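Structural characterization, general
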Amino acid sequence: MNIKNPLKAGAKQRSKRTTLSRPEDERLSIGSSFAYGFQHVLTMYGGIIAVPLIVGQAAGLSSADIGVLIAAALFMGGLATLLQTIGIPFFGSQLPLVQGVSFASVATMVAIVSGGGGLPSVFGAVMVSAAIGLIIAPVFSKIVRFFPPVVTGTVITTIGLTLMPVAANWAMGGNKKAEDYGSVANIGLAAVTLALVLLLSKVGSATISRLSILLAMIVGTVIAVVTGMADFSKVGNGPIVAFPTPFHLGAPTFEIAAIISMLIVVLVILTETMADILAVGEIVGTRTDSKRIAAGLRADMGSSLIAPIFGSFTQSAFAQNVGLVAVTKIKSRYVVAAGGVILVLLGLLPVMGRVVAAVPTAVLGGAGIVLFGTVAASGIRTLAKVEYKNNMNLIIVAASIGFGMIPIAAPTFYDKFPSWFSTIFHSGISSAAVMAILLNLLFNHLKAGNSEYQSVFAAGTGRVIREEDLTCLEHGDRFENGKLIDCDGKEVPIQSAEKASEH
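These figures come from a predicted structure and were not determined experimentally.

**What to know about the overall build of the chain**
Check the secondary structure of the chain and you find 20 helices and 5 strands. For the chain, buried positions account for 47% of its 503 residues. Of the contacts made within the chain by residues no fewer than 6 positions apart, 80% connect residues no fewer than 24 positions apart. For the chain, the exposed area adds up to about 24,600 Å²; of that, 65% sits on carbon and sulfur atoms.

Rendered as structure tokens:
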């Protein structure tokens, strides 16, 4: 009779559960989750409030109505983050991705507002284009096989590089019209914050090291208060509690031109969110298949479809928070979900939002240098896994990153092009993604016509031995432990080129 040992069986079951568990499913204590979640909120707060500020000013709204737009952006960002991280059937990638108002749509929304459509036309265009994006999301997810490391590494690297101007702008003060923009004081405060991040990261305590971004921002803000660079006097102005009222700024209207232009933006957002999903999957070390990507894209489009009801806009994953995951090594999606709860509360409690808004932009800039740089470093690490021997992968990486840097180095490069074209390629991330995908198809999938003799761009990517060096070898020669051994087992002396020239 074969009697199973219950202890061994239990151990096997535990081992199986451990093997099957995903890094992103790790659960931390409630206190730790909200502390790390708050760090995510601080990281993306400047970006999430920038869009309603810009669009609200372009629409000529009063400060009170702009405040409503900001509250709506925070509220919807929190709901979208919860949908993305916790997930429901068919919606949510269940990855540590923070969602918020997409900056990619700013130029298009300002154009719609300036063209006379007003915010109702923007809301209508967002709803229709998001509905179309929701339908085509599975099609986008099917192209995941065209995202090997040579593509994902290129896109992740570009994400980090394209965010660096944002960090630099923050470090200089954030507002180009301000008198102190680019002042030594602002850049000095950013430098102090950066130094604090680096020093706290070196501390032996794992908790302090992981909270280095948050702690550095708190200390940086305290320094700003002491030196008179932070102003919290307006925190008490306005309501303490406020719920976003549906269609407070008008019911949506539907105009064909606005919908078409916004649909182009949605395609860009789908591309960028897919890149962010692949990036965070690479950082976390978990599988991101087409099913999971489709669920993540549906969460993006589903939340974008609902957002205009509460007075917000298109939602997408925030690339800067991908960098925070890489820096802190906190891979739990529940931590980001806690950040989503905080965002919802900030949307319901404007007074809390005003407190966070008082954090000096220069402090965010100092932390952003590390965060965004880490994203680029993660991409470089992925590119290190790519095989460059006897293929065209080097030119794929070179051309794609170069193409992605064009709108960053020259922001007006595409101003003379048609609006639909400039909308797509004005984003360095989508530019690099499009180029990397097309070149990967051209060189690695459509191999018909490929030459056996690789381009000059591929030269030097593998080991090369000169033909005259081979003529010096004799039959039976071999290398062992760095030494040349002949057929009789005797070592053959190797003379340097300098000594050979002396004889």
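After that view, the rundown keeps rolling.
**Description of the sheet that holds strand 3 (residues 478-480)**
Strand pairing in a sheet relies on backbone hydrogen bonds, with the paired strands running either antiparallel or parallel. The strand order across the open sheet built from 3 strands is 3-4-5, with neighbouring strands paired in antiparallel fashion. The sheet terminates laterally at strand 3 and strand 5 (491-492), the two strands that pair on one side only. With 2 bridges joining them, strand 4 (residues 483-485) and strand 5 adopt antiparallel strand pairing. Directly across from Leu484, in strand 5, lies its bridge partner Val492.

**A word on the packing of helix 7 (residues 184-202) against helix 15 (residues 361-383)**
Angle between the axes and distance between the axes are the two parameters that describe a pair of packed helices. The contact between helix 7 and helix 15 brings their axes to 7 Å, and the two run at 45°. It follows from the interaxial angle that helix 7 and helix 15 lie oblique. In this structure, helix 7 crosses over helix 15, and the sense of that crossing is right-handed. Side by side, helix 7 and helix 15 meet where Asn186, Leu189, Ala190, Thr193, Leu194, Val197 and Leu198 of the first sit next to Ala362, Val363, Gly365, Gly366, Ala367, Ile369 and Val370 of the second. Broken down by class, the residue content of the contact of helix 7 with helix 15 amounts to 10 nonpolar, 4 polar and no charged.

**Thoughts on the packing of aromatic side chains**
Enumeration according to the criterion identifies 10 aromatic pairs in this entry. With a centroid separation of 5.5 Å and 70° between ring planes, the pair formed by Phe75 and Phe243 is classed as edge-to-face. With Phe75 in helix 3 (residues 63-85) and Phe243 in the loop between helix 9 (212-226) and helix 10 (256-284), this pair connects stretches of sequence that are 168 residues apart. Residue classification places Phe243 among the exposed positions, given a relative accessible area of 54%. A ring pair is formed by Phe413 and Tyr414, whose centres lie 5.0 Å apart and whose planes are at 80°; its orientation type is edge-to-face. Chaining the aromatic ring pairs together yields one cluster made of Phe403, Phe413, Tyr414, Phe417, Phe421 and Phe425. The ring of Tyr334 carries the charged tip of Arg27 above its face, separated from the ring centre by 4.1 Å.

**Digging into the environment of Gly296**
Here Gly296 shows up in helix 11 (residues 290-306). Here Gly296 falls in the buried class, since its relative accessible area comes to 0%. For the pair Gly296 and Leu95, spaced 201 residues apart in sequence, the C-alpha separation works out to 8.6 Å. Not counting residues within four places of it along the chain, the set of residues in contact with Gly296 comprises Gln84, Gly92, Ser93 and Ile277.

**Quick look at the packing of helix 6 (residues 149-172) against helix 18 (residues 428-445)**
Running from N to C, helix 6 and helix 18 point in directions that differ by 160°, and their axes come no closer than 9 Å. Our classification of the angle between helix 6 and helix 18 gives roughly antiparallel. Note that helix 6 runs across helix 18; the crossing there is right-handed. Contact with helix 6, carried on its side by Val150, Val151, Thr154, Val155, Thr158, Ile159 and Thr162, involves Gly428, Ile429, Ala432, Ala433, Ala436, Ile437, Asn440 and Asn444 of helix 18 and no other residues of that element. Here the residues of the contact of helix 6 with helix 18 are counted per class, giving 9 nonpolar, 6 polar and no charged.

**Details of the side chain of Thr221**
Structurally, Thr221 can be placed in helix 9. Among the polar contacts made by the side chain of Thr221, one reaches the main-chain carbonyl oxygen of Met217 at a distance of 2.7 Å. Beyond its immediate stretch of four places on either side in the chain, Thr221 contacts Phe232, Val359, Pro360 and Val363.

**A closer look at the pattern of salt bridges**
Counted under the stated rule, the structure contains 5 salt bridges. With a closest N to O distance of 2.8 Å, Asp25 and Arg22 form a salt bridge. The class for Arg22 is partly exposed, based on a relative accessible area of 27%. Across the salt bridge formed by Glu282 and Lys385, the nearest N and O atoms sit 2.7 Å from each other.

**Some points on the confidence of the model for the chain**
Residues of the chain with pLDDT of at least 70 account for 87%, and the chain-wide mean is 82. Of all helices and strands in the chain, the one with the weakest mean pLDDT is helix 1 (residues 6-20) (46), whereas helix 11 scores best (93). Across residues 13-20 the pLDDT falls below 50, and counting only partners more than four positions away or on other chains, this stretch makes 0 contacts in the model.

**Focus: the side chain of His40**
Examined against the element boundaries, His40 turns out to sit in helix 2 (residues 30-58). Not counting the four nearest positions on each side in its chain, His40 is found in contact with Val98, Asn321, Leu324, Val325, Val335 and Val336.

**Regarding a nonpolar patch on the surface**
There is a patch of nonpolar side chains on the surface, built from Ile30, Phe34, Val341, Leu345 and Met352 and spanning about 420 Å² of accessible area. At the level of elements, helix 2 and helix 13 (333-348) are the ones that each hand at least two residues to the nonpolar patch. Tracing the backbone through its elements, the reader meets Met352 in helix 14 (residues 350-357). Overall, the relative accessible area of 34% leaves Met352 in the partly exposed class.

**Comments concerning helix 13**
The terminal C-alpha atoms of helix 13, which comprises 16 residues, lie 23 Å apart, in line with the 22 Å expected from a rise of 1.5 Å per residue. Across the 16 residues that make up helix 13, a large majority, 13, are buried. If you check the start of helix 13, you find a side-chain oxygen 3.1 Å away from the backbone N of Tyr334, and it comes from Ser332.

**Let's talk about the nonpolar core**
Among the nonpolar cores identified, the biggest contains 101 residues, and Leu119, Ile159 and Phe313 are the most heavily contacted of them. At 15 residues, the largest contribution of residues to this core is made by helix 10. When neighbours within four sequence positions are excluded, Ile159 is seen to be in contact with Ala275, Asp276, Ala319, Val375 and Ile429. Residues Phe75, Ala307, Phe310 and Val344 belong to the second largest nonpolar core, which totals 5 residues.

The rules behind the values
Residues numbered from 1 in each chain as written. Predicted model: local features only at pLDDT ≥ 70, side-chain atom pairs only at ≥ 80, totals over all residues. Heavy atoms only, no water. Helix = DSSP H or I, 4+ residues; strand = E, 2+ residues; numbered from the N terminus. Buried < 20%, exposed > 50% of the residue type's maximum accessible area, 1.4 Å probe, protein only. Contact = heavy atoms within 4.5 Å. Areas by Shrake-Rupley, 256 points an atom, 1.4 Å probe, with all protein chains shown as cover. Pairing = 2+ DSSP bridges. Axes fitted to C-alpha atoms, helices over the stretch in contact; angles between N-to-C directions. Parallel < 35°, antiparallel > 145°, perpendicular 65-115°, else oblique. Left-handed = near helix turned anticlockwise from the far one by under 90°. Nonpolar A, V, L, I, M, F, W, Y, C, P; charged D, E, K, R; others polar. Phe/Tyr/Trp six-rings, centres within 6.5 Å; stacked < 30°, edge-to-face > 60°. Lys NZ or Arg CZ within 6 Å of the ring centre and 35° of its normal. Polar contact = N/O pair within 3.5 Å; in protein donor to acceptor, adjacent residues only side chain to side chain. Salt bridge = Lys/Arg side-chain N within 4 Å of Asp/Glu carboxyl O. pLDDT = per-residue confidence, 0-100. Patch = residues over 30% accessible without salt bridge, like charges linked within 9 Å, V, L, I, M, F, W, Y side chains within 5 Å. Expected span 1.5 Å × (residues − 1). Core = buried A, V, L, I, M, F, W, Y, C linked by side-chain atoms within 4.5 Å.

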